[in-house]
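Listed below, chain by chain, are the residues.
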Amino acid sequence: MTQDEQKKLVAREAIKYIVEDSYLGVGTGSTTNFFIDELARANKRLRGAVASSIQTAERLRSCGIPVVELTAVDELPVYIDGADETTAHGAMIKGGGGALTREKIVAAVARKFVCIVDQSKLVGVLGKYPLPVEVIPMARGHVAHELVKLGGQPMLREHFLTDNGNIVLDVEELRILNPADLEAKINNIAGTVTNGLFARRGADVILVGTDNGVQTLDAHKF
Ligand code: 5RP
């Protein structure tokens, strides 16, 4: 099965986690795009969707799904999003698409985070995928310097600004043995908006697309 076929499998499976007559949080990326396609076909009763990026908001609207601002939402039972890497415990690296800050905000509000990934994203230790860090432009040098002190090799993401108008540093060479600790340390560097470690608020359920179908991991069981 190709990677895209595995992504489609989990996108379809995620439909089961939608709570009808409520709002739904929707992430960003190619796996989430497959989910939006499924959502458009699924005929679910939704009050509206909260998008984690401008790109997702546009795609939702083009599928006829109403988009609402997070500020207008009283509660968000479920958030569905992909990841660049995830452990079976639900700690993730996200932000390959640069939407990490809005993703982290929507995830913080949601009661349940359903992570949808193809098999290649499931890892034992995070850090092979470069860790994205969203940074206020004037702090670029300072944040890069501090990231080197933490053992990383930051690279500026070229020709890219986030939806919030900030730059992204992609940090290589990190072997992340304590993701919650590193998440807090990086967020404490002045000028950092947020980093792509989602460990303090990780996924609750991970749907992994495999050649044998969807593997469902309950992150709280590990
Ligand atoms: C975007 C993200 C995505 O969820 C992550 O990059 C995975 O993307 P894809 O589904 O295209 O592999 O965090 O900021």
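Higher on the page you've got the structure.
So, a few notes on the structure that sits alongside this text. (Residues numbered from 1 in each chain as written. Predicted model: local features only at pLDDT ≥ 70, side-chain atom pairs only at ≥ 80, totals over all residues. Heavy atoms only, no water.)

Now for the site of the ligand. In the vicinity of the ligand lie 17 residues, with S30, T31, D84, G95 and K121 positioned nearest. Here S30 contributes a side-chain N or O atom positioned 2.5 Å from an oxygen atom of the ligand. Contact distances for the ligand include 3.3 Å between an oxygen atom and a backbone N or O atom of G97. Alone, the ligand offers 380 Å² of accessible surface; in the complex the protein occludes 91% of this. (Near = heavy atom within 4 Å. Polar contact = N/O pair within 3.5 Å; in protein donor to acceptor, adjacent residues only side chain to side chain. Areas by Shrake-Rupley, 256 points an atom, 1.4 Å probe, with all protein chains shown as cover.)

Next up on the list: a nonpolar patch on the surface. Residues I136, M138 and V193 make up a contiguous nonpolar surface patch of about 310 Å² in total accessible area. Among the secondary structure elements, I136 is positioned in the loop between β7 (131-135) and α5 (140-149). Exposure remark for I136: the relative accessible area of 36% places this residue in the partly exposed category. (Patch = residues over 30% accessible without salt bridge, like charges linked within 9 Å, V, L, I, M, F, W, Y side chains within 5 Å. Salt bridge = Lys/Arg side-chain N within 4 Å of Asp/Glu carboxyl O. Helix = DSSP H or I, 4+ residues; strand = E, 2+ residues; numbered from the N terminus. Buried < 20%, exposed > 50% of the residue type's maximum accessible area, 1.4 Å probe, protein only.)

Moving on, we come to the packing of helix α1 (residues 3-14) against helix α2 (residues 30-42). Orientation of α1 relative to α2, taken along the N-to-C sense of each, is 50°, at an axis distance of 8 Å. Classified by the angle between their axes, α1 and α2 sit oblique to one another. For the element pair α1 and α2, the recorded crossing hand is right-handed. Two secondary-structure elements touch here, α1 through D4, K7, K8, V10, A11, R12 and A14 and α2 through S30, T31, F34, F35 and E38. (Axes fitted to C-alpha atoms, helices over the stretch in contact; angles between N-to-C directions. Parallel < 35°, antiparallel > 145°, perpendicular 65-115°, else oblique. Left-handed = near helix turned anticlockwise from the far one by under 90°. Contact = heavy atoms within 4.5 Å.)

Okay, the pattern of salt bridges next. Per the stated rule, a full pass over the model turns up 16 salt bridges. Between D74 and R47 there is a salt bridge, with its nearest N and O atoms 4.0 Å apart. In this pair, D74 sits in the loop between α3 (54-62) and β3 (78-81) while R47 sits in strand β2 (residues 46-51), placing the two residues 27 residues apart along the sequence. A relative accessible area of 60% means that D74 is categorised as exposed. In this structure, K121 and D118 form a salt bridge, with 3.7 Å as the shortest nitrogen-oxygen distance. The buried category is assigned to K121, whose relative accessible area is 13%. Where salt bridges share partners, they join R12, E38 and R41 into one cluster.

All right, on to the sheet that holds strand β9 (residues 167-172) then. Here 4 strands make up an open sheet; going across it, the order is β8-β9-β7-β10 and the pairing antiparallel. Two strands close off the open sheet at either side, each with one partner strand: β8 (153-156) and β10 (192-195). Pairwise comparison of adjacent strand axes, ignoring direction, gives a mean angle of 30° for this sheet. In the sheet, β8 pairs with β9 via 4 bridges, with the strands oriented antiparallel. Looking at β9, one finds that Q153 is bridged to E172. Lying on the sheet, helix α4 (residues 100-109) is in contact with β7 and β10; it crosses β10 at an angle near 70°. (Pairing = 2+ DSSP bridges.)

In terms of burial, β7 is largely enclosed, as 5 of its 5 residues are buried. Neither face of β7 is left uncovered, since the one carrying L131, V133 and V135 and the one carrying P132 and E134 both have all their residues buried. Where β7 and β10 come together, 3 bridges link them in antiparallel fashion. Paired with E134 across the strands is T194, a residue of β10.

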